[in-house]
Amino acid sequence: MSHPVRISLFLALLLALSISGVVLAHADIARSDPAANAVLEQAPSQITIEFTEPVEPRLSKIEVLYDDGSVADNGDTTRDPADPNVLRVSLKDSREGTYIVSWRALSEVDGHVTSGAFVFSVGQPIAIGNLPQLHHPVCPAVVWHRADRQPDYAQQRRRTAFPQHQQQHRPG
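Throughout this description, residue numbers start from 1 for each chain and increase along the sequence as written. With pLDDT at 70 or above as the cut-off, local features in this predicted model cover only qualifying residues; side-chain atom pairs require 80 or more to be listed or tallied, and sums for whole chains, interfaces and linings still use all residues. Think of the side-chain values as coming from all heavy atoms in the structure, minus any hydrogens and water.

Draft legend 1. Just the sheet that holds strand S7 (residues 97-106), in detail. Following DSSP output, two strands are said to pair if at least two bridges run between them. The helix and strand labels rest on DSSP assignments: H or I over at least four residues marks a helix, E over at least two residues marks a strand, and numbering proceeds from the N terminus. Spatially, the four strands line up as an open sheet ordered S2-S8-S7-S4, and their pairing is mixed. In this open sheet, the two edge strands, each paired with only one partner strand, are strand S2 (39-40) and strand S4 (61-66). Bridge analysis of S4 against S7 gives six bridges, and the strand direction is antiparallel. Pairing of Tyr66 across the sheet is with Tyr99, part of S7.

Following this line, the structure appears as structure tokens:
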């Protein structure tokens with residue numbers, strides 16, 4: 001194989017790898033404060049989530065619910081002016097119990113939307129069995145199962161694949 005052909009193949013491989021890195025990039029959670037499944041002595045004043053890449057602040061959101069299904073955040077999700085990878089939302093008050101944090105992030109890098117949820121608890125162990133049946137507050141197509149409190153992603157995929165069958169659910 002000639003030297004120019006080797007260089008061409010190397011450049012083609014390098015280009016392919018660089019493109020695949022962009023395609024696979026999404027704004028996923030790098031860390032959160034409090035951490036998922038943490039048991040705290042006192043309620044935090046805010047929830048902070050750091051993502052793996054910058055997020056679009058107008059189309060990204062953190063929502064927090066108390067274990068009785070009522071809203072725990074002030075609806076004031078903001079992006080950190082010093083770090084475009086960080087979102088924060090303040091909490092209304094301090095309560096003991098399990099908190100449900102859900103998030104939705106639009107990547108400024110690739111325009112993909114990611115979402116997820118986690119729980120933490122204040123003053124007592126995480127009480128999974130006592131959580132109400134909720135629909136995911138940020139992504140209403142995700143239904144939380146009563147038995148294990150995990151999102152039913154198969155149901156979400158079915159609803160996404162067949163949008164005419166989607167129903168909008170709001171926590172209440």
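Having seen the structure, we can now continue with the description.
Draft legend 2. Region of interest: the pattern of salt bridges. In what follows, salt bridge is the name for a side-chain nitrogen of Lys or Arg lying within 4 Å of a carboxyl oxygen of Asp or Glu. Following the criterion strictly, the structure yields seven salt bridges and no others. Between Asp68 and Arg95 there is a salt bridge whose closest N-O contact spans 3.5 Å. Of this pair, Asp68 sits in the loop between S4 and strand S5 (78-79) while Arg95 sits in the loop between strand S6 (86-90) and S7, and the two are 27 residues apart along the sequence. Think of it in three bands: residues with accessible area under 20% of the maximum for their type are buried, residues over 50% are exposed, and the middle band is partly exposed, with areas taken using a 1.4 Å probe on protein chains only. Of the residues examined, Asp68 reaches a relative accessible area of 48% and is grouped as partly exposed. Among the ionic pairs, Arg79 bridges to Glu108, the shortest N-O distance being 3.1 Å. Of this pair, Arg79 sits in strand S5 while Glu108 sits in the loop between S7 and strand S8 (113-122), and the two are 29 residues apart along the sequence. Given the relative accessible area of 28%, Arg79 is considered partly exposed. If you follow the salt bridges from partner to partner, you end up with Asp68, Asp93 and Arg95 in one network.

Draft legend 3. Looking closely at the packing of aromatic side chains. Note on ring pairs: Phe, Tyr and Trp rings are taken, using the six-membered ring of Trp, and paired if centres are within 6.5 Å. Classes follow the plane angle, with under 30 degrees stacked, over 60 edge-to-face and the rest tilted. Evaluated as defined, the whole model comprises three aromatic pairs. Geometrically, the ring pair formed by Tyr99 and Phe120 is stacked, given 4.8 Å between the ring centres and 10 degrees between the ring planes. In this pair, Tyr99 is assigned in strand S7 and Phe120 in strand S8, connecting sequence segments 21 residues apart. Its relative accessible area of 1% is what places Tyr99 among the buried residues. On the basis of relative accessibility, which here comes to 0%, the residue Phe120 falls in the buried class. Clustering of aromatic rings is evident, with ring pairs tying together Tyr66, Tyr99 and Phe120.

Draft legend 4. Quick peek at the environment of Ile29. Mapped onto the secondary structure, Ile29 falls in strand S1 (residues 29-33). Here the alpha-carbon distance between Ile29 and Thr52, two residues 23 residues apart in the chain, equals 6.1 Å. Whether two residues are in contact is decided by their heavy atoms, any of which lying within 4.5 Å being enough. If we skip the residues at most four places from it in the chain, Ile29 touches Ile49, Glu50, Phe51, Thr52, Trp103 and Phe118.

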